[in-house]
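# Commentary on secondary and tertiary structure
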Amino acid sequence: MIPANSIPQVHSANGRADTLVRRNENTRLTSLDVFRGMTVMLMTIVNNPGDWATIYALLKHAEWHGCTPTDLVFPSFLFIVGISTVLSMPARKFDKAVLEKILTRSLRIFLLGLFQNFFLEITIGSLEGVPLLLVRLVITAVVMHLLLGEYDRKRQLYVAIGLFLLMMALAYGGFEAYQDVRLPGVLQRIAIVYLLISILYLTTSTTTQVVVGLVCLLGYWALMALVPVPGIGPANFEKVTNLSAWLDSVLLPGHVWTVSKTWDPEGILSTIPAIGTGLLGVFTGQLLLTHITKHKKAIYLLAAGVAGVLLGLIWNLAFPINKTLWSSSYVVYAAGIALLVLGTLYFIIDEKGFKGAWTKPFIVFGVNPMVVFFVSGIIPRALIMLHVAQPGNTETPEITLKAWLYNHLFLPYFSEPKNASLAGAITYLLIWFAILLWFYRRRLIIRV
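Analysis parameters
Residues numbered from 1 in each chain as written. Predicted model: local features only at pLDDT ≥ 70, side-chain atom pairs only at ≥ 80, totals over all residues. Heavy atoms only, no water. Helix = DSSP H or I, 4+ residues; strand = E, 2+ residues; numbered from the N terminus. Rg over C-alpha atoms; globule rule 2.2 N^0.38 Å. Buried < 20%, exposed > 50% of the residue type's maximum accessible area, 1.4 Å probe, protein only. Contact = heavy atoms within 4.5 Å. Areas by Shrake-Rupley, 256 points an atom, 1.4 Å probe, with all protein chains shown as cover. Lys, Arg positive; Asp, Glu negative; His and termini not counted. Charge placed at Lys NZ, Arg CZ, Asp CG, Glu CD. Salt bridge = Lys/Arg side-chain N within 4 Å of Asp/Glu carboxyl O. Expected span 1.5 Å × (residues − 1). Phe/Tyr/Trp six-rings, centres within 6.5 Å; stacked < 30°, edge-to-face > 60°. Axes fitted to C-alpha atoms, helices over the stretch in contact; angles between N-to-C directions. Parallel < 35°, antiparallel > 145°, perpendicular 65-115°, else oblique. Nonpolar A, V, L, I, M, F, W, Y, C, P; charged D, E, K, R; others polar. Left-handed = near helix turned anticlockwise from the far one by under 90°. Patch = residues over 30% accessible without salt bridge, like charges linked within 9 Å, V, L, I, M, F, W, Y side chains within 5 Å. Polar contact = N/O pair within 3.5 Å; in protein donor to acceptor, adjacent residues only side chain to side chain. pLDDT = per-residue confidence, 0-100.

### As for the overall build of the protein chain
Counting secondary structure elements, the protein chain contains 15 helices and 4 strands. Its C-alpha radius of gyration of 22 Å places the protein chain within 12% of the 22 Å reference for a compact globule of 448 residues. Evaluated residue by residue, the protein chain yields a buried proportion of 51% over its 448 residues. Considering only contacts within the protein chain whose residues lie at least 6 apart along the sequence, 74% involve residues at least 24 apart. Here the protein chain displays about 19800 Å² of accessible surface, and carbon together with sulfur accounts for 68% of that area. Across the protein chain, the 34 positively charged side chains and the 23 negatively charged ones have centroids separated by 13 Å.

So this is what it looks like as structure tokens:
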């Protein structure tokens, strides 16, 4: 079984580890692949609208408190990370070699996310436009080889440590181009959570893991609800003034989300409850490894899902469901939704055997999430670097290539701008489907 975030290195049929590896479908849990694929597809759509100014409400994050389908994407990934951590290491062997693998994979995932943030900050002398873009793409190709390539494990670790130190030196070394580069991010949080829950799973009992999970959720609630915010006032759950935002402003000055400028949605303190999300996935993975019948597993998954949703809604009364804060109520609510989806898929696919052609598009995305995660984040950044002249338009003499493509290929054919924006996102999804289908038919998977 392959972890959700494509962390583990899998070997090809001839026993040799490759970056592109052979896929053995018989060793996978199909419902989990489908669930992962659904999550990747939704991520691709919500992260790549034709126009960010015209998006349907369901494809937006909640403005603050509350939860939309878009807000369920990230916790679903972390939940699946927990499940797949268990399914990929059922023997629970922990030694120096295993620790080294976990550390290496975590660092590589972290650095892939960090490099996405560095991409638009890379400067080479006075280069700009196409020449600068080409340099950035060459550097991207080198980074992909270093972080996705398969070579000696110790060298992988040393290379990852070296890249990490280099990026930190650039961020904190007084270089103007990198003084505002964002350090947190989605892949960074996935890496941290994977590192911690993997070690917990391999070195502690389930009872200990439950205690740690409760401490993460209840402790975070207590910190956010009871601890006064230095220099601001009483504890609160509002933007900018909450304890999590304050800590980001103190520990990550200038290196947070550019929209907020002072705090980060993947910040430091809110990573604590995210560990709880991963651990809930670990508990689910352990359930799936038990020898009870598939029917009972499906029932337990669905029952736990209902319980999670209800608990989240009740907890919401004291600690509002909030994706940016990664509130404890949000953790259990989102995990409840994930359990309901997985339980339904498990019942239909793994118990009843209704796999069929309908699962194929989701599986195509589900077995190769890392390439989508990383490269789909680079492409839009590359497109906004290129500009197209607009002769006769004195107000906007030029626009980015991304905007030009949207204005000419989608906007003229829809009377409702939101439909044009959605069409742009779906087109991007279809392009990725074609790419991933090519990989799938050749039984190739890109690994970290």
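### Structural notes on the pattern of salt bridges
Applying the stated criterion across every chain yields a total of 6 salt bridges. The partner of Asp95 in a salt bridge is Lys93, with the nearest N and O atoms 3.6 Å apart. Beyond isolated ion pairs, a larger network of salt bridges with shared partners links Arg182, Asp264, Glu266 and Lys323.

### What to know about helix α11 (residues 328–351)
In this model α11 runs 32 Å from its N-terminal to its C-terminal C-alpha over 24 residues, within 8% of the 34 Å that 1.5 Å per residue would give. Burial analysis of α11 places 17 of its 24 residues in the buried class, which makes it a mostly covered element. Residue Gly353 follows α11 closely and has a positive phi angle near 80°.

### What about helix α2 (residues 73–88)?
Taking 1.5 Å per residue, 16 residues should reach 22 Å; α2 reaches 22 Å between its end C-alpha atoms and fits that length. In terms of burial, α2 is a largely internal element, 15 of the 16 residues being buried.

### Describing the packing of aromatic side chains
Considering all chains together, one arrives at 16 aromatic pairs under this definition. Residues Phe77 and Phe373 carry aromatic rings whose centres are separated by 5.0 Å and whose planes lie at 45° to one another, so their mutual orientation is tilted. In this pair, Phe77 is assigned in helix α2 and Phe373 in helix α13 (residues 369–383), connecting sequence segments 296 residues apart. The pair Phe77 / Phe373 is uniform in exposure class, with both members buried. On the basis of an interplanar angle of 75° and a centroid distance of 6.5 Å, the ring pair of Phe115 and Phe119 is categorised as edge-to-face.

### Considerations on unusual backbone geometry
A positive phi angle is found at Arg92, which is not glycine, with a value near 55°. In this structure Arg92 comes out as partly exposed when scored by relative accessible area, which is 29%. With a phi close to 70°, Val240 is a non-glycine residue in the positive phi region. Secondary-structure assignment places Val240 in the loop between α7 (206–226) and α8 (243–251).

### Let's talk about the packing of helix α3 (residues 96–119) against α13
Where α3 contacts α13, the two axes come as close as 10 Å, and the packing angle between them is 10°. The pairing of α3 with α13 is recorded here as roughly parallel in orientation. Contact residues: Ile109, Leu112, Phe115, Gln116, Asn117 and Phe119 in α3; Met370, Phe373, Phe374, Gly377, Ile378, Arg381 and Ala382 in α13. A class-by-class count of the residues in the contact of α3 with α13 yields 9 nonpolar, 3 polar and 1 charged.

### Some remarks on the packing of helix α1 (residues 30–47) against α2
Following both chains from N to C, one finds α1 and α2 inclined at 150°, their axes separated by 10 Å at the closest point. Our classification of the angle between α1 and α2 gives roughly antiparallel. For the pair α1 and α2, the sense of crossing is left-handed. Residue-level inspection shows Leu32, Phe35, Arg36, Thr39, Val40, Leu42 and Met43 of α1 in contact with α2, the latter providing Val73, Ser76, Phe77, Phe79, Ile80, Ile83, Ser84 and Leu87.

### Regarding the environment of Gly353
Turning to its location among the elements, Gly353 is positioned in the loop between α11 and α12 (360–366). Residue Gly353 is classed as partly exposed on the basis of its relative accessible area, which comes to 45%. As a C-alpha pair, Gly353 and Thr30 span 323 residues in sequence and 9.9 Å in three-dimensional space.

### Focus: a nonpolar patch on the surface
A contiguous nonpolar patch, built from Val130, Leu134 and Leu137 and spanning about 260 Å² of accessible area, is present on the exposed surface. Mapped onto the secondary structure, Val130 falls in helix α4 (residues 129–148). Residue class for Val130 comes out partly exposed when judged on its relative accessible area of 48%.

### What to know about the side chain of Ser327
Within the element layout of this structure, Ser327 appears in the loop between α10 (294–315) and α11. Owing to a relative accessible area of 0%, Ser327 belongs among the buried residues under this scheme. Engagement of the side chain of Ser327 in a polar contact is seen with the backbone oxygen of Pro320, the distance being 2.7 Å. Residues in contact with Ser327, not counting those within four places in the same chain, are Tyr220, Phe319, Pro320, Ile321 and Asn322.

### Describing the confidence of the model for the protein chain
Taken residue by residue, the protein chain gives an average pLDDT of 91. The fraction at 70 or more is 94%. Contacts from residues 1–27, a stretch scored under 50 in pLDDT, to residues over four places away or in other chains number 87 contacts.

### Quick word on the environment of Asn368
Within the secondary structure layout, Asn368 lies in the loop between α12 and α13. Taking the C-alpha atoms as reference points, Asn368 and Arg36, 332 residues apart in sequence, are found 9.6 Å from one another. Ignoring anything within four residues of it in the chain, the contact list for Asn368 reads Leu436, Phe439, Leu444, Ile445 and Ile446.

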